[in-house]
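# Descriptive structure summary
The chain contents come next:
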Amino acid sequence: MPTTHAAAARDYVTAHLDDVLADLALLVGLETPSQRRDLLQAALPRIEAYLVGRLGEPSGRTQHDGGEHGDVLDLTWTGSGPAGHVLSLAHYDTVWPEGTLAQWPLRRDGDRLTGPGVLDMKVGIVQTVWMVLALRELGLPHPDVRLLLTADEEIGSRGGRPHLEEAAGDALVTLIAEPSAAGAVKTRRKGMVFADLTVHGVESHAGLDPDAGASAVHELARLVPTVLSLADRERQTTVNCGTISGGTGRNVVAGHATCAVDVRIQHPAEEDRVVAALEALRPTDERCRLEVSIDRNRPPMNPTAHTERLLALARSAGADLGVEVRDEPVGGASDGNFIAARGLPVLDGLGGIGAGPHARHEHVLVSGLARQTALMAGIVEQVAR
Ligand SMILES: [Zn+2]
């Protein structure tokens, strides 16, 4: 005796697969680079029209001004009980610049559907729609479903963060259909600290007057090993100096040098340790001046008091689908990091099965669409009990 109606939800979505694929084509066809408020603002009404077309008029609607980013759209569709809401948190921005579609339109190649943003995470928006349709079609009691669409997830969520934290605050559960890890959900994601090191030195002629200068490039080169030494393999803290630039010419003692540092952390205490160490960096040549600017981008996601219970719901829905739902730790962060760090119930990585987010081979597997949607429906069904 199955414990959920996930299999029936999968069959319902499979029967409507052409519509699901058409929905995906519509959303991927809207170019939504994070940095382009104009494109985001043009796309949002079309995304909303799509949502309303499929799910009907929402019972709640708020549009938050995104400032320099795209707006945040907060929609709620009334459920059939119990009270409360399930939050589906999604971002409609992608990492792909305008014009990508012209070279790389959505294309199906056997089981692979490839296109910019198809996996990360236009498919997650489509899954949310079909999850609700499946719950309705099967007559399954479900709480209100609130869909929050943010526009700056790929660039740190400064705009989206307060809204998603508010919406998740009293949700029964927050589901995030970010790319799955080959079908596995994600309960551990690394947090990120970004640091920009800027060294100001003193320029001089490298041949005529070398001692008059203080090289910013040399100073930065001396600092880099100290920065790299902040990594701690045992605690899963990694450090990457991603870019270095500086100087104006071979024969000039460099007056300027910069380095962009990416630190990934899993252990919450590591964030303060790393930030303190970065702030304590000092140049060895006193004539150089060092500026360190730090962005505590996202806290790490670690299992909370809710995680085991939520994983059990995913596993029982998966069992009804004949699949084993695994749980994979990943290095990449999402907005789920903010929610988990507050101890709130969240299940992340429920989105497409595929590969290549942020890469030219980004794709979802068509064969995974119904399964992942049904997994979400099976989870919501159990939350409603
Ligand atoms: Zn994403």
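Residues numbered from 1 in each chain as written. Predicted model: local features only at pLDDT ≥ 70, side-chain atom pairs only at ≥ 80, totals over all residues. Heavy atoms only, no water.

What follows concerns the coordination of the zinc ion. Within the protein, the atoms that donate to the zinc ion are His91 (NE2), Asp120 (OD), Glu178 (OE) and Glu178 (OE), at distances of 1.8 to 2.7 Å. One can describe the site at the zinc ion as irregular: its four donor atoms subtend angles covering 54 to 149° at the metal. Between the donor residues of the zinc ion, the gaps in sequence give the motif H-x28-D-x57-E. Taken as a pair, His91 in strand 3 (residues 85-91) and Asp120 in helix 5 (residues 118-137) lie far apart in primary sequence, 29 residues in all. For the pair His91 and Asp120, one class covers both residues: buried. (Donors = N, O, S within 2.8 Å, 3.2 Å for Na, K, Ca; no water. Tetrahedral: all angles 85-135°; square planar, octahedral: opposite > 155°, others 65-115°. Helix = DSSP H or I, 4+ residues; strand = E, 2+ residues; numbered from the N terminus. Buried < 20%, exposed > 50% of the residue type's maximum accessible area, 1.4 Å probe, protein only.)

Our next topic: the nonpolar core. Ranked by internal contacts, the top residues of the largest apolar core, which has 67 residues, are Leu51, Trp130 and Leu149. Looking at which element gives the most residues to this core, the answer is helix 5, with 13 residues. Setting aside its immediate chain neighbours within four residues, Trp130 contacts Tyr12, Val13, His16, Asp19, Val20, Asp23, Tyr50, Arg54 and Thr373. Within the second largest apolar cluster, 22 residues are counted, among which are Ala216, Leu230, Val275 and Leu290. (Core = buried A, V, L, I, M, F, W, Y, C linked by side-chain atoms within 4.5 Å. Contact = heavy atoms within 4.5 Å.)

A few words now on the side chain of Arg189. In this structure, Arg189 sits in strand 8 (residues 185-189). For Arg189, a relative accessible area of 4% corresponds to the buried category. With near-sequence residues (within four places) excluded, Arg189 lies in contact with Glu178, Gln266, Pro300, Met301, Val330, Gly332, Ala333, Ser334, Asn337, Asp348 and Gly349.

What follows deals with the packing of aromatic side chains. Enumeration according to the criterion identifies two aromatic pairs in this entry. For the ring pair Tyr12 and Trp130, a centre distance of 6.0 Å and an interplane angle of 45° mean the geometry is tilted. Taken together, the positions of Tyr12 in helix 1 (residues 6-15) and Trp130 in helix 5 put the pair 118 residues apart, joining distant regions of the chain. Judged by its relative accessible area of 14%, Tyr12 is buried. (Phe/Tyr/Trp six-rings, centres within 6.5 Å; stacked < 30°, edge-to-face > 60°.)

Take the pattern of salt bridges next. A side chain with one charge can pair with a side chain of the opposite charge if their charged atoms come near. One pass over the structure, following the stated rule, counts 25 salt bridges. Overlapping salt bridges, with partners in common, bring together Arg36, Asp38 and Glu98 in one network. (Salt bridge = Lys/Arg side-chain N within 4 Å of Asp/Glu carboxyl O.)

Attention shifts here to the domain arrangement of the protein chain. Its domain assignment divides the protein chain into domain 1 (6-189 + 301-383) and domain 2 (191-298). Using C-alpha coordinates to define each centre, domain 1 is positioned 38 Å away from domain 2. With 15 residues of domain 1 in contact, the opposing surface of domain 2 contributes eight residues. Summed over both sides, the interface between domain 1 and domain 2 buries roughly 800 Å², with carbon and sulfur atoms accounting for 37% of that surface. Counting across the interface, domain 1 meets domain 2 through three salt bridges. Residue Arg298 is joined to Asp335 by a salt bridge in which the shortest nitrogen-to-oxygen separation is 3.1 Å. Inspection of the domain 1/domain 2 interface yields nine residue pairs in polar contact (both at pLDDT 80 or more). Of all elements in the fold, only strand 8 and helix 10 (336-341) reach the threshold of two or more residues within the side of domain 1 that touches domain 2. Of the residues in the side of domain 1 that touches domain 2, the class split is three nonpolar, seven polar and five charged. (Domains from an automatic or database assignment. Buried area = accessible area lost by both parts, 1.4 Å probe. Polar contact = N/O pair within 3.5 Å; in protein donor to acceptor, adjacent residues only side chain to side chain. Nonpolar A, V, L, I, M, F, W, Y, C, P; charged D, E, K, R; others polar.)

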